[in-house]
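Read off the chains here:
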Amino acid sequence: MDNRLFQVDPYAGISYGLYNSIKGEKGSFEDFLLHYDSTGAGEGDSSWLTKLITENTTDALSSPEVWEAMNTLGISGLDFMGSSDYFDTQVSALKLQLMQAFSKREDYEEMKPLLEQLMS
């Protein structure tokens, strides 16, 4: 099944690789299909990946092990979720998505120094 999808949708193979790098052993091809947006990917929209990263980060942060470790260290869960660390992950994912969108523009080479300055 996956070979046919990769033949029909050239972005699917790359996207499946990105999916696997995020999910690792917890991922499956079926789960990839539930998250992946073929139409959006063909139009340069990779918001499905941003949602996956956010979902994966939220799942990791809400695990009992993380909460237990935070309690041991005396860190309040509400303080942590309101901290910049939690949102930095989301911002990084959005920056990646923005850079991918700009890289498809014709004037990308002219804009690249400005974008790199803004992204740092």
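The notes below deal with the structure included here. Keep in mind that this is a model prediction, so the values were computed, not measured. (Residues numbered from 1 in each chain as written. Predicted model: local features only at pLDDT ≥ 70, side-chain atom pairs only at ≥ 80, totals over all residues. Heavy atoms only, no water.)

### Quick notes on the pattern of salt bridges
Per the counting criterion, the structure on display carries 1 salt bridge. For Lys23, the salt bridge goes to Asp31, with nearest N and O atoms at 3.9 Å. Both residues of the pair, Lys23 and Asp31, belong to the buried class. (Salt bridge = Lys/Arg side-chain N within 4 Å of Asp/Glu carboxyl O. Buried < 20%, exposed > 50% of the residue type's maximum accessible area, 1.4 Å probe, protein only.)

### A few points about the layout of surface pockets
Its boundaries defined by the atoms lining it, the largest pocket holds a volume of some 220 Å³. Listing elements by their share of the lining of the largest pocket, those giving two or more residues are α2 (10-23) and α5 (47-61). Tallied by class, residues from the lining of the largest pocket come to 6 nonpolar, 5 polar and 2 charged. (1 Å grid on protein atoms, 1.4 Å probe; cavity = no way out; pocket = protein on both sides within 12 Å on 5 of 7 lines; lining within 4 Å. Points joined across faces, edges and corners; volume = space filled by probe spheres on them. Helix = DSSP H or I, 4+ residues; strand = E, 2+ residues; numbered from the N terminus. Nonpolar A, V, L, I, M, F, W, Y, C, P; charged D, E, K, R; others polar.)

### Things to note about the nonpolar core
If you look at the biggest cluster of nonpolar residues, it comprises 12 residues: Ala12, Tyr16, Tyr19, Phe29, Phe32, Tyr36, Ala41, Trp48, Leu49, Leu52, Ile53 and Ala93. At the level of secondary structure, the elements contributing two or more residues to this core comprise α2, α3 (29-35) and α5. Among the elements that make up this core, the one with the highest residue count is α5 (4 residues). Ignoring sequence-local partners within four residues, the contact set of Leu52 consists of Tyr19, Ile22, Lys23 and His35. (Core = buried A, V, L, I, M, F, W, Y, C linked by side-chain atoms within 4.5 Å. Contact = heavy atoms within 4.5 Å.)

### A word on the environment of Asp31
For Asp31, the position within the fold is in helix α3. Given the relative accessible area of 18%, Asp31 is considered buried. As for Asp31 and Tyr19, which are separated by 12 residues in sequence, their C-alpha atoms are 9.4 Å apart. With sequence-adjacent residues up to four places away left out, Asp31 is seen in contact with Tyr19 and Lys23. Of note is the side chain of Asp31, whose polar atom sits 2.5 Å from the side chain of Tyr19. (Polar contact = N/O pair within 3.5 Å; in protein donor to acceptor, adjacent residues only side chain to side chain.)

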